[in-house]
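Below, each chain spelled out in residue letters.
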Amino acid sequence: LEDHLTGQRDYDLLVIGGGSGGLACAKEAAQLGRKVAVVDYVEPSPRGTRWGLGGTCVNVGCIPKKLMHQAALLGGLIRDAPHYGWEVAQPVPHDWRKMAEAVQNHVKSLNWGHRVQLQDRKVKYFNIKASFVDEHTVCGVAKGGKEILLSADHIIIATGGRPRYPTHIEGALEYGITSDDIFWLKESPGKTLVVGASYVALECAGFLTGIGLDATVMIRSIPLRGFDQQMSSMVIEHMASHGTQFLRGCAPSRVRRLPDGHLQVTWEDRTTGKEDTGTFDTVLWAIGRVPDTRSLNLEKAGVDTSPDTQKILVDSREGTSVPHIYAIGDVVEGRPELTPTAIMAGRLLVQRLFGGSSDLMDYDNVPTTVFTPLEYGCVGLSEEEAVARHGQEHVEVYHAHYKPLEFTVAGRDASQCYVKMVCLREPPQLVLGLHFLGPNAGEVTQGFALGIKCGASYAQVMRTVGIHPTCSEEVVKLRISKRSGLDPTVTGC
Amino acid sequence: MRRAVLGVGRAAAWRIRAGAESGQQRQRSPPLSPVPAPPPPAFRFVSRPGPAGSESETVEQSPPQSPGPGKAGDAPNRRSGHVRGARVLSPPGRRAHLSSPGPSSSSEAREELRRRLRELIERSRVMIFSKSYCPHSTRVKELFSSLGVECNVLELDQVDDGAKIQEVLSEITNQKTVPNVFVNKVHVGGCDQTFQAYQSGLLQKLLEEESAYDYDLIIVGGGSGGLSCAKEAAILGKKVMVLDFVVPSPQGTSWGLGGTCVNVGCIPKKLMHQAALLGQALCDSRKFGWEYDQQVKHNWETMTKAIQNHISSLNWGYRLSLREKAVAYVNSYGEFVEHHKIKATNKKGQETYYTAAQFVIATGERPRYLGIQGDKEYCITSDDLFSLPYCPGKTLVVGASYVALECAGFLAGFGLDVTVMVRSILLRGFDQEMAEKVGSYMEQHGVKFLRKFIPVMIQQLEKGSPGKLKVLAKSTEGTETIEGVYNTVLLAIGRDSCTRKIGLEKIGVKINEKSGKIPVNDVEQTSVPYVYAVGDILEGRPELTPVAIQSGKLLARRLFGASLEKIYHTLFWPLEWTVAGRENNTCYAKIICNKLDHDRVIGFHILGPNAGEVTQGFAAAMKCGLTKQLLDDTIGIHPTCGEVGNRRF
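Nothing here was measured: the structure is a model prediction, and the numbers come from that model.

Undergrad: What's the story with the sheet that holds strand β2 (residues 152-155) of chain B in this structure? I'm lost.
TA: Hydrogen bonding along the main chain pairs the strands of a sheet, whether they run parallel or antiparallel. All names here are of chain B. What the four strands build is an open sheet, ordered β2-β1-β3-β4; its pairing is mixed. Each of the sheet's edge strands pairs with one partner strand only, and the pair in question is β2 and β4 (186-189). With strand direction ignored, the average angle separating the axes of adjacent strands in the sheet is 20°. Examined bridge by bridge, strand β3 (residues 180-183) and β4 share three bridges and lie antiparallel to one another. Residue pairing across strands places Phe 182 opposite His 187, the latter belonging to β4. Running over the sheet, helix α7 (residues 135-147) touches β1 (126-130), β2 and β3 and is turned about 160° from β1. Running at roughly 105° to β4, helix α9 (residues 191-200) makes contact with β3 and β4 of the sheet.

Written as structure tokens, this is what we have:
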């Protein structure tokens, strides 16, 4: 506080990175009466895509992703509509340009909203690229090359991550795009090869298929690593039955541009060892993300990073190796790469710094949802993880195949609509994990995440009255255990 | 002396019987053996003309699920033989041993005791609660011994919990003394009453009677409650019958097995709601890049046919699942005629009689009519709407229940001209702030509201599909009257229990004369011990919507408690609505916390898309003791509507 009064440094808090986590920190600190600055700069993608304030989630992540997912879902609803009496001539074509423009306009309005919010709260915003000069000072370079020095008592690094390019593959950088670009394409990507097995890969391939494009996913080993594998394979199964093509056990080796402008991709089938090729309009890399730490000159400040991942190492208080420098969000080693965790971690950090709080961020039982065409929501442990931690003998899994009511009239296939709850076997059977595959999975999962936070037991969930007729009531009606070997198909109310 | 907990004592007592007469128990639990398709319900019609002797034949056939020919042959004699003392004599001193199952001061322990006593009574042919030194008890024991009837005896002076048991018994039977005698689940009374019954022959009749019951359980009403009860009882090895009969609505609509929810409630309602949502989705989809030029029209017939097809498949599914579980299903109207006996009348007016040891009433409710000129002739209700063969056109919905608002909502969603006539407030019993928001959302989307009016007369102007009706309504506040012309008038002003025409008065089941609802104790038992009731007809129970439960609690707190609540609320704009350009500041969520109980969340309300899917998990969390702090600590799923609870409050 003395430093602040004597005016030795420009700011109480400097936040590097204007994404969800960084902005949450800045706004929280300003609300607590601190002098705060945010620096944010979007390095254009190799394809030249750039965007405004708000970070990955708003610009090239959750928001445009879910909107395009919604566009794809609407395509399905249009096909349902005639069953429900709406007279729509099929098939209905989809115009990428119109969707992209609408999505981009919404994102731009959010960028603007973030600017206004910062202004309202008197947070100083600099659109500059920052690097450390020393442990209290950051040098920022503006677009025109103009440099500025900013000093602060506390610094929070929240620079996030960017998609990884497989630079060892010939043509990858020149001809491929990533999730940084897909949402900002003016023209339809056309026939697309999505490389990767992450949720980003599956979500992108899912909505591309859903809006009527030819999409193929190339997966080297397993899909959705870290998620429950039974659920993951059902996600893939559903996508495959709805037109997404899969090349399993394959790895690309080069990308070439053909004279007609198409991209020819060569890959190796790792089981047979044979090479194969295919022609696509677009190749989308979704093979993971790297932290945006390289240009920060972290060594000047003495902030340690993991030698393997280049992510910043922090303790449970989000503190780095330098006492007054903190890091939150995707840039941090070992944290879930999710918007809400970054926001909550940021707010709690600032409350500890300036609000006299001592509450730590609890990273357990973080719920999340994969927005594939059939959505997959989960919270807590996967079945594999539960068995690994507690032993097969101590884990009871309740499950059900169900049919959403809306699917019946529309004649939709519900083979993959499935829910399972992983519990301890010992009464009262504490709930370890919930996995839900079906429509509106995010909406279903959220409340149950709260339940698990409250230490829900299987017995308590069973005592909860269902809301009829919904999909989420299937969760409170789970009666069949895997151990029983009975058929988990739900019949009747 | 052997001591055991009550449950074990009961098992021991059961074994005594089973050992004495091994055939008897097995006789009654055949559901796993291959069962022939349920016999046609006509097999015991009393009025059926047929050759002489068919009556006795049909008695042979009954019970329909007799396990095998050999045992069926035994059936007529198996219990009367017992009464004659032909087989086993049971010394009067044979006891069921009991001790306390744990701390019995709490009401829960008392409830457990009550349950166990009832089981003991139900499972014993003769159950005597006695005291070893009581001469009256000894006389009763000697009486049964002389009849050669095995008794199950519990000496209350020799168990730890004797006094408690006696208390609970007096609650059940209104008799404070011992001996307390039950024969085939029927409370006979004390020593004098038992001897009176013996002298009048009633005791012998009661002893024989069980063998005459066709079923262990007859359920009147094949809706959600009745069917689940039937299936569960069948799984537990009971012989069960379901009587279900849909009295056609005044407009002539009737339907199949499954009750309100499946046929004229939740299921068709949500499907029509989904159809309306699809209309909105079609509008949205253009903004999301889907291209079609034509004006999209909605075809009522196509939708209704698809929905009715789905319902038929559900009706069929219910029939199959009853058959699989060997539950007899009879499509007849059930009406009690005397104790343990019900008359079943089918569509053709043929009457059959069935008896059962126990009954469950699950007849549910049907829509109420106004009682004004023209209402039954010209108005429809939710019983008719979902299978209406023609589009209802310009519609007046009368009422402000959730049924009224849901129907008005989807009708407007199809592009129809819809007016809702409301007598007083919307969604009584629900949180009123939320209710008003629902109303104003509907109003913004084209539903017209006529507040503080009630219809007084309906006249037909033109016949047709739909026709034209003139509605005369008057103000609830003044003398003003208004007139309107509609194609359809849908009444949704409430529902009445179907309890007045099922012979309940014949057996003494009490109903609330005003509401028609059946008061039950906390184990769903009516004023007649062997008759239970479930579902919408219960007095003082919400019609099974968790929101209603919670609102009821809140209302009570508002009425009788101090203001202990803190309310957190937020408006939100679902992401999907942004691009579609749908309105902002409409969707709303709030939680209500109890300040005196660590900010425990006692109410959760959300207005927005997928509200049902969102609310379910929050309900589970509230069951687990959700607090505001835990809510704050839980991470949202981004971007969903569900995360508003975690991010915005």
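Alright, that's what it looks like, and here's the rest.
Undergrad: What is the right way to read the UniProt feature "binding site: NAD(+)" (unreviewed entry) in chain A from this model?
TA: All names here are of chain A. Residues annotated in UniProt with the feature "binding site: NAD(+)" (unreviewed entry) correspond here to Gly 196, Ala 197, Ser 198, Tyr 199, Val 200, Ala 201, Leu 202, Glu 203 and Gly 288. These annotated residues cover 93 residues of sequence, and their C-alpha atoms all fall within 13.6 Å of one another, placing them together at a single site. Tracing the backbone through its elements, the reader meets Val 200 in helix α8 (residues 199-210). What makes Val 200 partly exposed here is its relative accessible area of 21%. Residue contacts for Val 200: discarding those within four places in its chain leaves Ser 179 and Ala 286. Locating Leu 202 in the fold gives a position in helix α8. Look past the residues within four positions of Leu 202 in its chain and what remains in contact with it is Ala 197, Val 217, Leu 224, Val 235, Ile 236, Met 239, Phe 246 and Thr 372.

Undergrad: Sorry, what's going on with the packing of aromatic side chains here?
TA: How two aromatic rings sit relative to each other is given by the distance of their centres and the angle of their planes. Applying the stated rule across the entire model yields 13 aromatic pairs over all chains. Between B:Phe336 and B:Phe359, the ring centres sit 4.9 Å apart and the planes meet at 70°, which makes this aromatic pair edge-to-face. Separated by 23 residues along the polypeptide, B:Phe336 in strand β9 (residues 333-338) and B:Phe359 in strand β11 (residues 351-361) bring together distant segments of the chain. With a relative accessible area of 1%, B:Phe336 lands in the buried category. Its relative accessible area of 0% is what places B:Phe359 among the buried residues. Three or more aromatic residues link up through ring pairs in this structure, and these residues are A:Trp86, B:Trp300, B:Phe386, B:Phe410 and B:Phe414. Above the ring of A:Phe407, the side-chain terminus of A:Arg412 is found at 5.2 Å from the ring centroid. A cation over an aromatic ring shows up here: B:Lys394 above the ring of B:Tyr486, its NZ or CZ 5.0 Å from the ring centre.

Undergrad: Whenever I open this one, the UniProt feature "domain: Pyridine nucleotide-disulphide oxidoreductase dimerisation" (unreviewed entry) in chain A confuses me. Can you help?
TA: Look at the UniProt record and you will see "domain: Pyridine nucleotide-disulphide oxidoreductase dimerisation" (unreviewed entry) annotated at residues 366-477 of chain A. Each end of residues 366-477 of chain A is marked by a C-alpha atom, and these two atoms are 23 Å apart; helix forms 32% of the span and strand 26%.

Undergrad: I tried to follow the pattern of salt bridges on my own but got confused; where do I start?
TA: Opposite charge on two side chains allows them to pair when their charged atoms are near. Going through the model one piece at a time under the given rule, you end up with 35 salt bridges over all chains. Of the charged contacts, one joins A:Lys129 and A:Glu43 as a salt bridge, the two residues approaching to 2.7 Å between their closest N and O atoms. A residue pair is termed long-range when its members are at least 10 positions apart, and A:Lys129 in strand β5 (residues 129-134) and A:Glu43 in the loop between β2 (36-39) and α3 (55-60) qualify at 86 residues. For A:Lys129, a relative accessible area of 30% gives the class partly exposed. One salt bridge in this structure joins B:Lys270 and A:Glu406, with 3.0 Å as the shortest N-O distance. Taken together, the residues span two chains, with B:Lys270 in helix α13 (residues 266-287) and A:Glu406 in helix α13 (residues 405-410).

Undergrad: Mind showing me how you'd approach the interface of chain B and chain A here?
TA: It is common to report an interface's size as the accessible area lost on association of the parts. Taken together, the contact between chain B and chain A spans 70 residues of the former and 77 residues of the latter. Both sides together, the interface formed by chain B and chain A hides about 6700 Å², and carbon and sulfur atoms give 69% of it. Connecting chain B to chain A are one salt bridge. At the level of elements, α12 (259-264), α13, β7 (297-298), α14 (300-324), α21 (575-579), α22 (611-623), α23 (628-633) and α24 (644-647) of chain B are the ones that each hand at least two residues to the side of chain B that touches chain A. When residues in the side of chain B that touches chain A are grouped by element, the largest group, 14 residues, is from α13(B). In the sheet, strand β3 (residues 86-87) of chain A pairs with β7(B) via two bridges, with the strands oriented antiparallel. Each residue of the ladder has a partner; that of A:Glu87, found in β7(B), is B:Lys297.

Undergrad: Quick question: what am I supposed to make of the environment of B:Gln295 here?
TA: Within the secondary structure layout, B:Gln295 lies in the loop between α13 and β7. Along the sequence, B:Gln295 and B:Val330 sit 35 residues apart, while their C-alpha atoms lie 49 Å from each other.

Undergrad: Would you mind showing me how to read the domain arrangement of chain A here?
TA: Residues and elements named next belong to chain A. Here chain A is partitioned into domain 1 (11-160 + 292-355), domain 2 (164-287) and domain 3 (374-484). When each unit is reduced to the centre of its C-alpha atoms, the spacing between domain 2 and domain 3 is 31 Å. Contact with domain 2, which involves 11 residues of that partner, is made by 15 residues of domain 3. Summing the contributions of domain 2 and of domain 3, the shared interface buries around 1200 Å²; its carbon and sulfur component is 63%. Summed over the three residues of domain 2 that lose the most area to domain 3, namely Asp 228, Met 231 and Met 234, the buried surface amounts to 46% of that side. Lys 420 is paired through a salt bridge with Asp 228; the nearest N and O atoms lie 2.9 Å apart. Summed over the shared surface of domain 2 and domain 3, the number is seven residue pairs in polar contact (both at pLDDT 80 or more). Classifying every residue of the side of domain 2 that touches domain 3 gives five nonpolar, four polar and two charged.

Undergrad: Sorry, what's going on with the packing of helix α4 (residues 62-80) of chain A against α13(B) here?
TA: The geometry of a pair of packed helices is captured by two quantities: the angle between their axes and the separation between those axes. Closest axis-to-axis distance for the α4(A)/α13(B) pair is 9 Å, and the angle between their directions is 125°. Accordingly, the angle class assigned to the pair α4(A) and α13(B) is oblique. Seen along the crossing, α4(A) lies across α13(B) with a hand that is left-handed. Counting all contacts with α4(A), which are made through A:Leu74, A:Leu77, A:Ile78 and A:Asp80, the residues of α13(B) involved are B:Gln274, B:Leu278, B:Ala281, B:Leu282, B:Asp284 and B:Ser285. A breakdown of the residues in the contact of α4(A) with α13(B) according to their chemical character gives six nonpolar, two polar and two charged.

Undergrad: Please clarify how helix α17 (residues 402-413) of chain B should be interpreted in this entry.
TA: Note that an α-helix has 3.6 residues per turn; residues three or four places apart therefore point the same way. Residues and elements named next belong to chain B. Between its first and last C-alpha, α17 extends 16 Å over 12 residues, near the 16 Å set by a 1.5 Å rise per residue. Restricting attention to buried positions, one finds in α17 the residues Ala 404, Leu 405, Cys 407, Ala 408, Phe 410, Leu 411 and Ala 412. In the segment just after α17, Gly 415 is the residue with positive phi, at about 95°.

Undergrad: How should I be thinking about the pairing of strand β16 (residues 448-451) of chain B in this particular structure?
TA: Taken residue by residue, a regular strand's side chains alternate between the two faces of the sheet. Residue and element names in this part refer to chain B. Of the pairings in the sheet, the one linking strand β15 (residues 418-422) to β16 comprises four bridges and is parallel in character. In the sheet register, Met 421 faces β16, and the bridge partner there is Leu 450. In this fold, the crossover linking β15 to β16 by way of helix α18 (residues 432-444) has right-handed handedness.

Undergrad: Help me out: how do you make sense of unusual backbone geometry in this one?
TA: Most peptide bonds are trans, and most residues other than glycine sit at a negative phi. Following A:His468, the chain continues into A:Pro469 via a peptide bond in cis, with omega recorded as -10°. Mapped onto the secondary structure, A:Pro469 falls in the loop between α15 (458-462) and α16 (473-476). The omega angle of the peptide bond from B:Ser465 to B:Pro466 is -5°, so this bond is cis rather than trans. Turning to its location among the elements, B:Pro466 is positioned in the loop between β17 (453-462) and β18 (468-475). Here the phi dihedral of A:Gln310 falls at roughly 65°; this positive angle occurs in a residue that is not glycine.

Undergrad: What is the right way to look at the state of the cysteines in this model?
TA: Scanning the model with the defined rule gives zero disulfides over all chains in all. A:Cys378 takes part in no disulfide bond, and the closest cysteine sulfur to it belongs to A:Cys62, at a distance of 15 Å. In this structure A:Cys454 is not part of a disulfide, and its nearest cysteine sulfur, from B:Cys624, lies 5.9 Å away. In this structure A:Cys454 comes out as buried when scored by relative accessible area, which is 16%.

Undergrad: Whenever I open this one, the pairing of strand β19 (residues 481-486) of chain B confuses me. Can you help?
TA: Residues and elements named next belong to chain B. Pairing geometry for β18 and β19, over six bridges, is antiparallel. Following the sheet pairing, Ala 473 is matched in β19 by Ile 482. Hairpin connection of β18 to β19: five residues between the antiparallel strands.

How each quantity is defined
- Residues numbered from 1 in each chain as written.
- Chains lettered and ligands numbered in written order.
- Predicted model: local features only at pLDDT ≥ 70, side-chain atom pairs only at ≥ 80, totals over all residues.
- Heavy atoms only, no water.
- Pairing = 2+ DSSP bridges.
- Helix = DSSP H or I, 4+ residues; strand = E, 2+ residues; numbered from the N terminus.
- Axes fitted to C-alpha atoms, helices over the stretch in contact; angles between N-to-C directions.
- Contact = heavy atoms within 4.5 Å.
- UniProt positions renumbered as here; feature names shortened; annotations may be inferred.
- Buried < 20%, exposed > 50% of the residue type's maximum accessible area, 1.4 Å probe, protein only.
- Phe/Tyr/Trp six-rings, centres within 6.5 Å; stacked < 30°, edge-to-face > 60°.
- Lys NZ or Arg CZ within 6 Å of the ring centre and 35° of its normal.
- Salt bridge = Lys/Arg side-chain N within 4 Å of Asp/Glu carboxyl O.
- Buried area = accessible area lost by both parts, 1.4 Å probe.
- Domains from an automatic or database assignment.
- Polar contact = N/O pair within 3.5 Å; in protein donor to acceptor, adjacent residues only side chain to side chain.
- Nonpolar A, V, L, I, M, F, W, Y, C, P; charged D, E, K, R; others polar.
- Parallel < 35°, antiparallel > 145°, perpendicular 65-115°, else oblique.
- Left-handed = near helix turned anticlockwise from the far one by under 90°.
- Expected span 1.5 Å × (residues − 1).
- Right-handed = clockwise from strand over helix to strand, strands pointing away.
- Disulfide = S-S within 2.5 Å.

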